[in-house]
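Close look at the chain arrangement
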Amino acid sequence: DALILPTAYAIMDGSYEVFTRSLFMTVDNEVWPMVKKFMEFGFSDSGMALVADAGYVTVNSALRAKMQYRIDKQGNPTADYVTLPPDECKNGTELNATPYLNAYGTPKTKYECVDCTPGFAKPDNRPISCSPCDAGTFASTSGQSKCAFCQAGEFAKAGSSSCLPCPLNTAGALGLPISCSPCESGTFAATTGQSQCTFCQPGDYA
């Protein structure tokens, strides 16, 4: 093969290939209106004059026409982001993955960190799901990093957002709020939310 020197003429007519591989300009489809004028100027006569003044070889007319065609079509209009899950979700938040179709009908997944719902909590920043509160504990608001214990005379099932008072004739001691225990024979609880049962008076029974 004949040796082709990298002269301006050889580059312009394409006989000397400047690049051994294609170069791509990646543009966010949402900001094409902002980028379009800049790119059009770069391939315009004025833009090419600045390239030449800087000592570089300008793009030939065929490649300029090809680039203008791509700019007019706004590159690849069906391109979209490849979404990735975050590396972490702060305490009290969990990773949520929502499937959707983008504007071009391509299935995508939207990842985001959202607050733990009431009754759930997460104590660390791992991108995982929140855990339901254990029985006897609760989380009354969203975004909690830990669950709180019920008070004496209250109880809560797993995943509760609040504690409930012990029903009539039952009681719940402090530290054992998983469930309320029925009052034993001879004792009673006349109101809800009692931590212990009351003994009957002489002459009474229960």
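Our structure is the block above this text.
In what follows, the accompanying structure is described. (Residues numbered from 1 in each chain as written. Predicted model: local features only at pLDDT ≥ 70, side-chain atom pairs only at ≥ 80, totals over all residues. Heavy atoms only, no water.)

Turning next to the overall build of the chain. Within the chain one finds 4 helices and 12 strands. Radius of gyration (C-alpha) of the chain: 36 Å, far over the 17 Å computed for a compact globule of 206 residues. Its C-alpha atoms give the chain principal-axis dimensions of roughly 120 × 30 × 30 Å. Each of the 206 residues in the chain was classed as buried or not, and the buried ones make up 20%. For the chain, long-range pairs separated by at least 24 residues make up 40% of all intrachain contacts whose partners lie at least 6 apart in sequence. (Helix = DSSP H or I, 4+ residues; strand = E, 2+ residues; numbered from the N terminus. Rg over C-alpha atoms; globule rule 2.2 N^0.38 Å. Buried < 20%, exposed > 50% of the residue type's maximum accessible area, 1.4 Å probe, protein only. Contact = heavy atoms within 4.5 Å.)

All right, on to the state of the cysteines then. Applying the stated criterion to the full structure yields 6 disulfides. Disulfide partner of cysteine 133: cysteine 147, at an S-S distance of 2.0 Å. Its torsion about the S-S bond being -80°, the disulfide of cysteine 133 and cysteine 147 is classed as left-handed. Of this pair, cysteine 133 sits in the loop between β4 (131-132) and β5 (137-138) while cysteine 147 sits in the loop between β5 and β6 (148-149), and the two are 14 residues apart along the sequence. Of the residues examined, cysteine 133 reaches a relative accessible area of 1% and is grouped as buried. (Disulfide = S-S within 2.5 Å.)

On to the pairing of strand β2 (residues 107-115), then. Direction of pairing for strand β1 (residues 93-101) relative to β2: antiparallel, over a ladder of 9 bridges. The residue of β2 that forms the bridge with threonine 98 is lysine 110. In this structure, the hairpin formed by β1 and β2 is closed by a connection of 5 residues, where glycine 105 is found at a positive phi of approximately 80°. (Pairing = 2+ DSSP bridges.)

Let us now look at the environment of glycine 172. Here glycine 172 lies in the loop between β9 (170-171) and β10 (181-182). Taking the C-alpha atoms as reference points, glycine 172 and phenylalanine 155, separated by 17 residues in sequence, lie 7.1 Å from one another.

Put simply, helix α2 (residues 32-42) and helix α4 (residues 61-72) touch, their axes get as near as 10 Å, and they point 165° apart. Looking at the two axes, α2 sits roughly antiparallel to α4. Taken as a pair, α2 and α4 cross one another with a handedness that is left-handed. Side by side, α2 and α4 meet where Trp32, Lys36, Met39 and Glu40 of the first sit next to Gln68, Ile71 and Asp72 of the second. (Axes fitted to C-alpha atoms, helices over the stretch in contact; angles between N-to-C directions. Parallel < 35°, antiparallel > 145°, perpendicular 65-115°, else oblique. Left-handed = near helix turned anticlockwise from the far one by under 90°.)

Soluble, globular proteins show a tendency: their nonpolar side chains are buried together. Counting residues in each nonpolar core, the largest one holds 6 residues, listed as Trp32, Met39, Phe43, Met48, Met67 and Ile71. Elements with a minimum of two residues in this core: α2 and α4. Excluding residues within four positions of it along the chain, isoleucine 71 makes contact with Trp32, Lys36, Met39, Glu40 and Phe43. (Core = buried A, V, L, I, M, F, W, Y, C linked by side-chain atoms within 4.5 Å.)

The topology assignment puts threonine 137 in strand β5. A distance of 2.6 Å separates a polar side-chain atom of threonine 137 from the backbone oxygen of aspartate 134. When residues no more than four places from it in sequence are discounted, the contact partners of threonine 137 are Cys147, Ala148, Phe149, Cys150, Ala156, Lys157 and Ser160. (Polar contact = N/O pair within 3.5 Å; in protein donor to acceptor, adjacent residues only side chain to side chain.)

Next up on the list: α4. Compared with the 16 Å implied by 1.5 Å per residue over 12 residues, the 16 Å span of α4 between its first and last C-alpha is a close match. The distance from a side-chain oxygen at the start of α4 to the backbone nitrogen of alanine 62 is 3.2 Å, and the residue carrying that oxygen is asparagine 60. (Expected span 1.5 Å × (residues − 1).)

Within the secondary structure, phenylalanine 188 sits in strand β11 (residues 187-188). Looking at phenylalanine 188, the relative accessible area reads 29%, which means it is partly exposed. Those residues in contact with phenylalanine 188 that lie beyond four places of it in its chain are Asn169, Cys183, Cys197, Thr198, Phe199 and Cys200.

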